[in-house]
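Remarks on the overall topology
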Amino acid sequence: MSDKTNQDLPEGLSGENHPLETVAASAKTVADSGGWVYQKFTCEACGNRLTIDVKNTFYTKGSCDQCGHITDITKTGCNFLAVWPLTEKGMEVEWPV
Ligand SMILES: [Zn+2]
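Everything numeric in this text was worked out from a predicted model, so none of it was measured. (Residues numbered from 1 in each chain as written. Predicted model: local features only at pLDDT ≥ 70, side-chain atom pairs only at ≥ 80, totals over all residues.)

**Observations concerning the pairing of strand β1 (residues 36-42)**
When you tally the buried positions in β1, you get five out of seven residues, the bulk of the element. As paired strands, β1 and strand β5 (residues 79-83) are joined by five bridges and run antiparallel to one another. Looking across to β5, one finds that Y38 is bridged to L81. Two elements, β1 and strand β2 (residues 49-51), share three bridges in a ladder whose sense is antiparallel. Bridge pairing in β2 links K40 to T51. From the end of β1 to the start of β2, which pair antiparallel, there are six residues, and G47 there has a positive phi angle of about 80 degrees. (Buried ≥ 20, exposed ≤ 12 C-beta atoms within 10 Å, placed from the backbone. Helix = DSSP H or I, 4+ residues; strand = E, 2+ residues; numbered from the N terminus. Pairing = 2+ DSSP bridges.)

**Considerations on the nonpolar core**
Counting residues in hydrophobic clusters, the biggest one holds eleven residues: L20, V23, A27, V37, F41, F58, I73, C78, F80, L81 and A82. Only α1 (20-32), β1 and β5 provide two or more residues apiece to this core. Ignoring sequence-local partners within four residues, the contact set of A27 consists of V37, F58 and F80. (Core = buried A, V, L, I, M, F, W, Y, C linked by C-beta atoms within 7 Å. Contact = placed C-beta atoms within 7 Å.)

**Re the environment of T42**
You can see T42 is positioned in strand β1. By the C-beta count within 10 Å, which is 25 here, T42 ends up buried. C-alpha separation for the pair T42 and D72, spaced 30 residues apart in sequence, amounts to 10.0 Å.

**A short note on the environment of G68**
Its place among the elements puts G68 in the loop between β3 (61-63) and β4 (70-72). Owing to 10 C-beta atoms within 10 Å, G68 belongs among the exposed residues under this scheme. Between the C-alpha atoms of G68 and A45, which are 23 residues apart in sequence, the distance is 9.2 Å.

**Some thoughts on the confidence of the model for the protein chain**
Close inspection of predicted coordinates is inappropriate for parts of the model with low pLDDT. Scored by pLDDT, the protein chain has a mean of 82; 72% of the residues are at 70 or more. The least confident element of the protein chain, judged by mean pLDDT, is strand β6 (residues 92-95) at 60; the most confident is β4 at 98. Counted against residues more than four places away or in other chains, residues 1-15, with its pLDDT under 50, gives twelve contacts. (pLDDT = per-residue confidence, 0-100.)

**As for α1**
Taking 1.5 Å per residue as the helical rise, α1 with its 13 residues ought to reach 18 Å, and the 18 Å between its terminal C-alpha atoms agrees with that figure. If you follow the buried residues of α1, they end up packed against β1, α2 (73-76) and β5. Where α1 ends, the next residue or the one after it, G34, has phi of about 100 degrees, a positive value. (Expected span 1.5 Å × (residues − 1).)

Below, the structure is given as structure tokens:
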């Protein structure tokens, strides 16, 4: 199993991130179907891509591992990683794809 990264995807505050309400609604659909979701956001100060390691929980603010900046996720938007733990392959997908 390779360590999946976002190297092939554009980084930045636009593109990967979507409005929090929209993302949270999509995440709820995944969670309701047995998936685990992990919120992802981009630090607005240094551009670091962060994944919050608390499953099925979404935050309006997040602190950066690199610079300590608190990002207002309600302004920057976010995305999430969806994991279906019940599947044999332990499939991980980016959502929306
Ligand atoms: Zn940062």
